[in-house]
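A look at the structure
So the chains spell out like this:
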Amino acid sequence: MLQQTTVQAVKSYFDKFLKRWPSVEDLAAADTDDVMAAWAGLGYYARARNLKKCAETIARDHGGIFPDTFEGLKALPGIGDYTAAAIAAIAFDRPEAVVDGNVERVMTRFYAIETPLPSAKTEVKAKTKTVTPLDRPGDFAQAMMDLGATICTPKRPACVLCPLREGCRALASDDPQRFPVKLPKAKRPVRVGAAFVAETEDGKILVRTRAQSGLLGGMAEVPTTGWTSRKDGETGANAAPFAAGWRRAGDVTHVFTHFELRLTVWHAKTQKQAVSGGRWEPIDELGEKALPSVMKKAISEAIPQAFKPQGVGKS
DNA sequence: CAGACGTGGAA
DNA sequence: TTTCCAAGTCT
């Protein structure tokens, strides 16, 4: 959960997740859609699919016991270089070089590495390997990460308080904050599309499940057009899944990692009807479904009280 | 190897 | 308001 995600964002999800699926076997036996629903809002949904696959692999192929080597861990779904090294070092006391974003920052500063990231990753990994001790490698890894999280911060590092102040080349030079050097990032393109919130008299809306891979893979959505960067992209009611009294509810903007999405949201009161691949879900149960944030945003644009606590704001 | 892959909080 | 970025991984 913590991959590219802050502790604050993760905390409540982690608590709920472990309460619901306390063991690897529990998660392996879980319904994948329930897992996706429990992950909804956290982002990077491939992590949820991979975590589930990982649990299944460990339950089925490893007798419910985690591998205790870097190579064994790395072979599992969702466990890459960083996570494999972190588990090996912290859980199994193995002297692996643990390099996350924090360690990258500490190392590139301490050695004043001018090579921009991500090219410098190889060099950082090699340097980290040379400084990782055979004794308590897990504590060393956590100390490096905590140093980066609390002292050697991205902005305004607290060098006065730093235990590594003496040998730090970045501090000795001029501007420690200059490191790590990073390549300039490309501008985010804008994509447009339309989303259709079809609502019945008895308080249900039409939803469907997205493809298992790719953007928001395996998550629920209301029917939408494709999301295109073309200027003449479809945003009108003519692209709706069926004819109805569609009213324009408004626009929502949502920022993804690699593009910005502007959705025109359409709303209609309709009869419940059969739509290929679609299903009608009660609005008051939407909060428990696998709906990503962008979809909650779109639905709220059409039905403002959809995700509000029940019985509140009614009067 | 470069691009895909979410979201919300902080500066 | 805009930009950055957070315990990265997969293709």
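Residues numbered from 1 in each chain as written. Chains lettered and ligands numbered in written order. Predicted model: local features only at pLDDT ≥ 70, side-chain atom pairs only at ≥ 80, totals over all residues. Heavy atoms only, no water.

This part takes up the environment of Thr235. Looking at the secondary structure, you find Thr235 in the loop between β3 (220-221) and β4 (247-255). You can call Thr235 partly exposed: its relative accessible area is 28%. With residues near it in sequence (within four places) discarded, Thr235 still touches Val192, Gly193, Ala194, Thr264 and Trp266. (Helix = DSSP H or I, 4+ residues; strand = E, 2+ residues; numbered from the N terminus. Buried < 20%, exposed > 50% of the residue type's maximum accessible area, 1.4 Å probe, protein only. Contact = heavy atoms within 4.5 Å.)

Moving on, we come to the environment of Arg188. Mapped onto the secondary structure, Arg188 falls in the loop between α10 (169-172) and β1 (190-200). A C-alpha to C-alpha distance of 8.9 Å links Arg188 and Phe256, two positions 68 residues apart in sequence. In contact with Arg188, other than residues within four places in its own chain, are Val255, Phe256, Thr257, His258, Phe259 and Glu260. In this structure the side chain of Arg188 is engaged in a polar contact, spanning 3.1 Å, whose partner is the backbone oxygen of Phe256. At a separation of 2.9 Å, a polar atom in the side chain of Arg188 contacts the main-chain carbonyl oxygen of Thr257. (Polar contact = N/O pair within 3.5 Å; in protein donor to acceptor, adjacent residues only side chain to side chain.)

It is worth spelling out the domain arrangement of chain A at this point. Each assigned domain of chain A is listed with its residue range as follows: domain 1 (1-65), domain 2 (87-185) and domain 3 (190-302). Of note, the centres of domain 2 and domain 3, computed from C-alpha atoms alone, are 43 Å apart. (Domains from an automatic or database assignment.)

This part takes up the packing of aromatic side chains. Tallied over the entire structure, the rule returns seven aromatic pairs. Residues Phe196 and Trp246 carry aromatic rings whose centres are separated by 5.3 Å and whose planes lie at 70 degrees to one another, so their mutual orientation is edge-to-face. Remark: Trp246 occurs in the loop between β3 and β4 and Phe196 occurs in strand β1; sequence separation between them is 50 residues. Like Trp246, Phe196 is buried. Note on Phe242 and Trp246: the rings are 5.8 Å apart at their centroids and 45 degrees apart in plane angle, and the pair reads as tilted. With respect to class, Phe242 is no different from Trp246; both count as buried. Through a chain of ring-to-ring contacts, the aromatic side chains of Phe17, Trp21 and Trp39 assemble into a single cluster. For Lys127, the ring lying beneath its charged end belongs to Tyr111, and the centroid distance is 5.0 Å. Of note, Arg191 hangs over the ring of Phe259, and the distance from its end group to the ring centre comes to 3.9 Å. (Phe/Tyr/Trp six-rings, centres within 6.5 Å; stacked < 30°, edge-to-face > 60°. Lys NZ or Arg CZ within 6 Å of the ring centre and 35° of its normal.)

The subject of this paragraph is the packing of helix α7 (residues 101-110) against helix α9 (residues 137-150). In helix packing, the relevant descriptors are the interaxial angle and the interaxial distance, both defined with respect to the helix axes. Between α7 and α9, the least distance of the axes is 8 Å, while the angle of their chain directions is 80 degrees. Considered as vectors, α7 and α9 are oriented roughly perpendicular to each other. Here Asn102, Val103, Arg105, Val106 and Met107 of α7 come into contact with α9, specifically with Met144, Met145, Leu147, Gly148 and Ala149. Taken together, the residues of the contact of α7 with α9 sort by class into seven nonpolar, two polar and one charged. (Axes fitted to C-alpha atoms, helices over the stretch in contact; angles between N-to-C directions. Parallel < 35°, antiparallel > 145°, perpendicular 65-115°, else oblique. Nonpolar A, V, L, I, M, F, W, Y, C, P; charged D, E, K, R; others polar.)

With that out of the way, let us pick up helix α1 (residues 7-20). Counted at 1.5 Å a residue, the expected span for α1 with its 14 residues is 20 Å, and the 20 Å between its end C-alpha atoms agrees. Along α1, the helix axis deviates most sharply at Tyr13, where the bend reaches about 25 degrees. Burial in α1 covers these residues: Val10, Tyr13 and Phe17. Looking at the buried positions of α1, the neighbouring elements they touch are α2 (24-29), α3 (32-39) and α4 (46-61). (Expected span 1.5 Å × (residues − 1). Bend = angle between axes of the 7 residues up to and from the residue.)

Right, let's get into the protein's contact with DNA strand C. Contacts to DNA strand C come from 20 residues, most closely from Leu2, Gly78, Gly80, Thr83 and Asp100. A share of 67% of the atoms of DNA strand C within 4 Å of the protein falls on sugar and phosphate groups. Backbone polar atom of Asp81 to a phosphate oxygen of DNA strand C: 3.3 Å apart, as the coordinates give it. One nitrogen or oxygen atom from the side chain of Asn102 is found 2.9 Å from a phosphate oxygen belonging to DNA strand C. Across the surface near DNA strand C, the residue classes break down as six nonpolar, nine polar and five charged. (Near = heavy atom within 4 Å.)

What follows concerns the pairing of strand β2 (residues 204-209). Looking at chain direction, β2 and strand β6 (residues 278-282) are connected through five bridges and run antiparallel. The partner of Lys204 across the bridge, within β6, is Pro282. Direction of pairing for β2 relative to β3: antiparallel, over a ladder of two bridges. Within β3, the residue paired with Thr209 across the bridge is Ala220. (Pairing = 2+ DSSP bridges.)

What follows concerns the protein's contact with DNA strand B. Surveying the vicinity of DNA strand B reveals 19 residues, the closest of which are Leu216, His254, Thr257, His258 and Ser293. Taking the atoms of DNA strand B that fall within 4 Å of the protein, sugar and phosphate contribute 63% of them. One of the side-chain N or O atoms of His254 is found 2.5 Å from a phosphate oxygen in DNA strand B. Interatomic distance of 2.7 Å between a side-chain N/O atom of His258 and a phosphate oxygen of DNA strand B. Listed by contribution, the elements that provide at least two residues to the surface near DNA strand B are β4 and α11 (293-302). Looking at the surface near DNA strand B residue by residue, the classes come out as nine nonpolar, ten polar and no charged.

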